[in-house]
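# Fold and geometry: a report
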Amino acid sequence: MAIIIVTVVAVVTGLVLTRGDGSLRATIALRDAARSSYAADGAAQVAINALRTGYNTGTGEPTPWYYTNAVGTGCFGYNGSGGSTTPLNTLAVNNVIPKETGDTQSAMSAAVECEAEDATGEQGSAVPINSSNKPGNAILTLGTSGAEDGFTFKTNGSGAAFRVKGGIWSNSTIFRDNNGNLESSESIRAHTGCTPIAAMIAPVVNCSASTTADPNYQSDLDIAGTGIPTLQTPPASCPNNGTVTLSPGYYDDVTKLNALTNTNSQCFIHLQPGPYYFDFHNNSVDTLFDSDIAAGGGNVWTIGSRKTVIGGTLTADTTVPGRCVNPIDDVNAAGVQLIFGGDSRMLIEANGQDTEVEFCATYHTSRPPIAIYGQKTGTATLTDVSGGSALTVKTGTTPTVTAAGTHGTFTGATPPNLQSVDGDQATDANLAVWRRTTTNAGNQTRSITMNGFETGTSLPKGTVLKSAVLKVTHRNTSTGSGQVNRVTLTPTGGSALTTTALPARANLTTDTVDLATLGSTWGAFQQRVHDFGYTGADVNFESTLTTATSTGGPTPVITPQVAQLDAVRLEMTYYLPGLRGQTTAAIPSNTVATVGGAAVVQLLGNSTTFYVQGTTYTPLAKIDLSLNNLDESVFRFGVIARSLVVFETGSFSFPGAVIELPDNSPGFGFETTLVRLKVYLCPGVTSGCTAGTGEFALEARVKVFDTGGVPGPPNRQISVLNWSHQR
């Protein structure tokens, strides 16, 4: 019995002691976890408070110090030794939980790493920028011809680097001519080789990459669905030190633009926001060329010396860049889009005298802000109004005839009688007829003035009139001197063309009057149709008849003289304004569309500041840049072209990216800085904890917001967006 009692007591005691030991171990483990959690929380709170109130060691950073993600600064100032400006992004929280007297746990320190998120704070923007509204590469060349390199980088032997922020992709080759490196912040890719590959500097270089597709961006005109805009006529000149304002629209005469931008005067030219379509008709081999409308002189819009040309909404700034509202900086940016059609192109050439050019595009949330656009589709189509569609007197009008007087006048001058060739000269049916029965007073003249001759829809400004003929079906029985029919056309609102005499006809006959043979009045007619459009015309038909003849005898027989008019019809051919692609289909001799041909945008000379604040998209044409004595970037928001040629002279020394894509941005603006805090714990350490020696314990995402962009209390607000313990 004694043995049984002792055994039972021992078992029970053992169970009790075992449970007590497990409970003790659990208590200790929970206390350790709580201690780590408290330490991590405390260290993170210290770091957040440092961000809120400013962290200042008094040796490197200014006083007071508030972190705003400025370039070259750290979340916690500088490293604090001897005025150093090395950014300090790790905060040591020494002895965050000290060892108290009698405490069985060791001390604990922490290190808090801070990393700002891209495109926030002073490196941020109020503009949301992402893959939806910017190209995938800073440079994309789409040409695949073996006769032309996709991207050619040339130097004059200076060895200067050409830097690009964003990827470079050529669907053919990339060629470096002479010295220097091609440097990309992201990647360099070519489909059929890079020469020399040693000159290609980027995190990724692939010279046998696949091809990439044309993004097929639409122009603002395509998206609006409005077609070609209204023809604009610029002012005749820009006075020295004067200002000229251009309106969005259609420009087809390059000589008028060059009168503003390629003279020796110092001039400011402002292109107001909106789409500009340039399709110059000054090339003599162009089907739309007509010397009465556009003088010769080629197809190049030249921006020469001493000019300031700004496109977009103006700012208060007086220097380039910054004279127009930039879509990289402002979601409300309303800018320009320069659309080049046909063989039209632009040359910027300063020739040693300062020229400033800046084009700012319009911001969009779902497509790139395109500043320069190469038209891809469209050809000129000749409209032929002839035969059964010829223009005639307007139905419902009443032609005006000369008063009858003693010698009679036209009768039957109605639209139905004058619109088609259907008269009967024997019976006067379906004719306008004047029968003169008087035998005295010599020759007499009577006329019919007909209104109408309208196209179904009025022809707009910019219409190129190529030919016009009047077909007049008439008869005049007089044969004497001066006894003849005549016809005159007067366009509505314009001047009359030269009156044309029609031969005397014994029978109803259709005579054709070619208006293009009428000298200067034809040119004036063409010019009027181009400048003002065409809404119709008046046609005046007049006839001169001699006296009626009389036979002898007691009862004379009077034989009247007769003028008959059966129909007057106007036939025309013309080109309506329309978008024309940069193709040889639009213009067979189009050098812009030809491999190895002229560039749609070319930069030459020196002393030029040239900025394109937006995407350049010319998939069928070449861009050619000569960077001489430039010290700033040229194209922002990327370039997409058939091919790209860049030449750097020895005076080019810009250390940054010449062509760039902006960073992605959530669009918080400069007031908001986002940071990520990572807390590392070092148990048993009273000081000197680092991320490398500690254990990752907590991560937090924190929003720092400065009302009005003024940092520090009371404007600074801190919001914790995420708080995550790691164990």
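No experiment lies behind these values; they were computed from the predicted model shown.

### As for the environment of Ile-48
Its location among the elements puts Ile-48 in helix α1 (residues 2-53). Considering only alpha carbons, one finds Ile-48 and Ala-700, 652 residues apart in sequence, at a separation of 9.9 Å. Leaving out residues up to four positions away in the same chain, Ile-48 has contacts with Leu-677, Val-702, Ile-718, Val-720 and Trp-723.

### Remarks on the pattern of salt bridges
The tally for this structure, following the rule as stated, stands at 18 salt bridges. In this structure, the salt-bridge partner of Asp-428 is Arg-435, at a minimum N-O distance of 2.9 Å. Note that Asp-511 is salt-bridged to Arg-505, the shortest N-O span being 2.6 Å. A relative accessible area of 9% places Asp-511 in the buried class. Judged by its relative accessible area of 26%, Arg-505 falls in the partly exposed class. Taken together, the shared-partner salt bridges in this structure form one network comprising Glu-117, Arg-676, Glu-699 and Arg-701.

### Looking at the state of the cysteines
Taken as a whole and judged by the stated rule, the model has five disulfides. Sulfur-sulfur distance for the disulfide between Cys-324 and Cys-360 comes to 2.0 Å. Taking the torsion about the S-S bond as the criterion, the Cys-324 to Cys-360 disulfide, at about 70°, is right-handed. Of this pair, Cys-324 sits in the loop between β18 (307-311) and β19 (336-340) while Cys-360 sits in strand β21 (residues 355-360), and the two are 36 residues apart along the sequence. The same class applies to Cys-324 as to Cys-360, namely buried. Each sulfur of the disulfide joining Cys-682 and Cys-689 lies 2.1 Å from the other.

### Observations concerning the nonpolar core
Within soluble globular proteins, side chains that are nonpolar generally end up buried alongside one another. Counting 59 residues, the largest nonpolar core has Phe-162 and Leu-271 as the members making the most contacts within it. Phe-162 has contacts with Ile-139, Phe-151, Phe-153, Asn-181, Leu-182, Glu-183, Leu-627, Val-646, Glu-648, Val-658 and Ile-659, leaving out every residue within four places of it along the chain. Counting residues in each nonpolar core, the second largest holds 37 residues, with Phe-410, Ala-432, Val-513 and Phe-525 among its members.

### Some points on the sheet that holds strand β40 (residues 659-660)
Strands belonging to one sheet form pairs held by backbone hydrogen bonds; the direction of such a pair is parallel or antiparallel. Strand order in this open sheet of ten strands is β11-β8-β5-β40-β38-β36-β21-β18-β15-β13, and the pairing throughout is parallel. Looking at the sheet topology across the chains shown, the edges are occupied by β11 (200-201) and β13 (242-246). Strand contacts of helix α3 (residues 254-261): β13, β15 (267-271) and β18, with the helix running at about 150° to β13, the strand carrying the most contacts.

### Re empty space enclosed by the protein
Using the criterion set out here, one finds one cavity of 30 Å³ or more in the structure. In this structure, the largest cavity is lined by Leu-470, Val-487, Thr-488, Leu-489, Leu-497, Thr-498, Thr-500, Val-513, Leu-515 and Leu-518. If you tally residues by element for the lining of the largest cavity, the top one is strand β28 (residues 485-491), at three residues. The residue makeup of the lining of the largest cavity, split by class, is seven nonpolar, three polar and no charged.

### Quick look at the sheet that holds strand β41 (residues 672-683)
Pairing is antiparallel across the open sheet formed by five strands, whose spatial order is β1-β2-β41-β42-β43. The open sheet has two free edges, formed respectively by β1 (90-97) and β43 (716-725), since each of these has just one partner strand. With direction set aside, neighbouring strand axes in the sheet form an average angle of 25°.

### Digging into unusual backbone geometry
Here the amide bond leading from Val-320 into Pro-321 is cis, since omega sits at 0°, within 30 degrees of zero. Looking at the secondary structure, you find Pro-321 in the loop between β18 and β19. For the bond running from Pro-713 to Pro-714, omega is 0°, close enough to zero to count as cis. Take Pro-714: it is sitting in the loop between β42 (695-706) and β43. Backbone geometry at Asn-178 places phi at a positive 75°, although glycine is not the residue there. With a relative accessible area of 39%, Asn-178 lands in the partly exposed category. With a phi close to 60°, Asn-430 is a non-glycine residue in the positive phi region.

### Structural notes on the environment of Leu-260
Mapped onto the fold, Leu-260 is located in helix α3. Once the C-alpha coordinates of Leu-260 and Val-93 are considered, the two residues, 167 residues apart in sequence, prove to be 67 Å apart. Each residue touching Leu-260, except ones within four places of it in the same chain, is listed here: Pro-234, Pro-235, Ala-236, Ser-237, Cys-238, Val-244, Leu-246, Ile-269 and Lys-307.

### Focus: the layout of surface pockets
Size it by volume and the largest pocket reaches roughly 290 Å³. Around the largest pocket, the lining is made up of 16 residues, and of these Gly-124, Ile-328, Asp-329, Arg-636 and Pro-662 lie nearest the centre. Considered class by class, the residues forming the lining of the largest pocket number six nonpolar, four polar and six charged. A volume near 150 Å³ is recorded for the second largest pocket. Lining the second largest pocket are Asn-241, Gly-242, Gln-266, Cys-267, Phe-268, Arg-306, Lys-307, Thr-308, Arg-323, Asp-354, Thr-355 and Glu-356. Among the residues making up the lining of the second largest pocket, the classes are represented as two nonpolar, five polar and five charged.

### Examining helix α5 (residues 520-532)
Side chains that are three or four residues apart share a direction in an α-helix, a result of its 3.6 residues per turn. Compared with the 18 Å implied by 1.5 Å per residue over 13 residues, the 18 Å span of α5 between its first and last C-alpha is a close match. For α5, the full list of buried residues reads Thr-521, Trp-522, Gly-523, Phe-525, Gln-526, Val-529 and His-530. In the stretch just after α5, Gly-533 is the one whose phi turns positive, near 85°.

### Topic: the packing of aromatic side chains
Inspection of the entire model under this criterion finds 17 aromatic pairs. Ring centres of Tyr-251 and Tyr-276 lie 6.0 Å apart, and the angle between their planes is 20°; this geometry places the pair in the stacked category. Pair noted here: Tyr-251 is in strand β14 (residues 249-251) and Tyr-276 is in strand β16 (residues 274-278), with a separation of 25 residues, a long-range link. Taken individually, Tyr-251 and Tyr-276 each receive the classification buried, so the pair is uniform in this respect. Feature note: the residues Tyr-251, Tyr-276, Phe-278, Phe-280, Trp-301 and Phe-340 constitute an aromatic cluster, connected by ring pairs.

### Quick notes on the side chain of Ser-447
When you line up the elements, Ser-447 lands in strand β26 (residues 444-452). For Ser-447, a relative accessible area of 15% translates into the label buried.

### Overview of the side chain of Gln-375
As for its placement among the helices and strands, Gln-375 is situated in the loop between β22 (370-374) and β23 (382-385). Not counting residues up to four positions away in its chain, the partners in contact with Gln-375 are Ile-339, Phe-340, Gly-341, Leu-579, Arg-580, Gly-581, Gln-582 and Leu-620.

### Quick look at the confidence of the model for the protein chain
Any segment with low pLDDT has predicted coordinates that should not be analysed in fine detail. In the predicted model, the protein chain carries a mean pLDDT of 89, and 91% of its residues have values of at least 70. Overall, residues 22-29 carries pLDDT values under 50, and its contacts beyond four positions in sequence, including any with other chains, amount to zero contacts.

### Regarding the environment of Trp-723
Summarising the element assignment, Trp-723 is placed in strand β43. Along the backbone, Trp-723 and Asp-41 are 682 residues apart, and their C-alpha atoms lie at a distance of 9.2 Å. Filtering out sequence-adjacent residues up to four positions away, Trp-723 remains in contact with Asp-41, Ala-44, Gln-45, Ile-48, Leu-698, Glu-699 and Ala-700. In terms of polar contacts, Trp-723 uses its side chain to reach the side chain of Asp-41, at 3.1 Å.

Analysis parameters
- Residues numbered from 1 in each chain as written.
- Predicted model: local features only at pLDDT ≥ 70, side-chain atom pairs only at ≥ 80, totals over all residues.
- Heavy atoms only, no water.
- Helix = DSSP H or I, 4+ residues; strand = E, 2+ residues; numbered from the N terminus.
- Contact = heavy atoms within 4.5 Å.
- Salt bridge = Lys/Arg side-chain N within 4 Å of Asp/Glu carboxyl O.
- Buried < 20%, exposed > 50% of the residue type's maximum accessible area, 1.4 Å probe, protein only.
- Disulfide = S-S within 2.5 Å.
- Core = buried A, V, L, I, M, F, W, Y, C linked by side-chain atoms within 4.5 Å.
- Pairing = 2+ DSSP bridges.
- Axes fitted to C-alpha atoms, helices over the stretch in contact; angles between N-to-C directions.
- 1 Å grid on protein atoms, 1.4 Å probe; cavity = no way out; pocket = protein on both sides within 12 Å on 5 of 7 lines; lining within 4 Å.
- Points joined across faces, edges and corners; volume = space filled by probe spheres on them.
- Nonpolar A, V, L, I, M, F, W, Y, C, P; charged D, E, K, R; others polar.
- Expected span 1.5 Å × (residues − 1).
- Phe/Tyr/Trp six-rings, centres within 6.5 Å; stacked < 30°, edge-to-face > 60°.
- pLDDT = per-residue confidence, 0-100.
- Polar contact = N/O pair within 3.5 Å; in protein donor to acceptor, adjacent residues only side chain to side chain.

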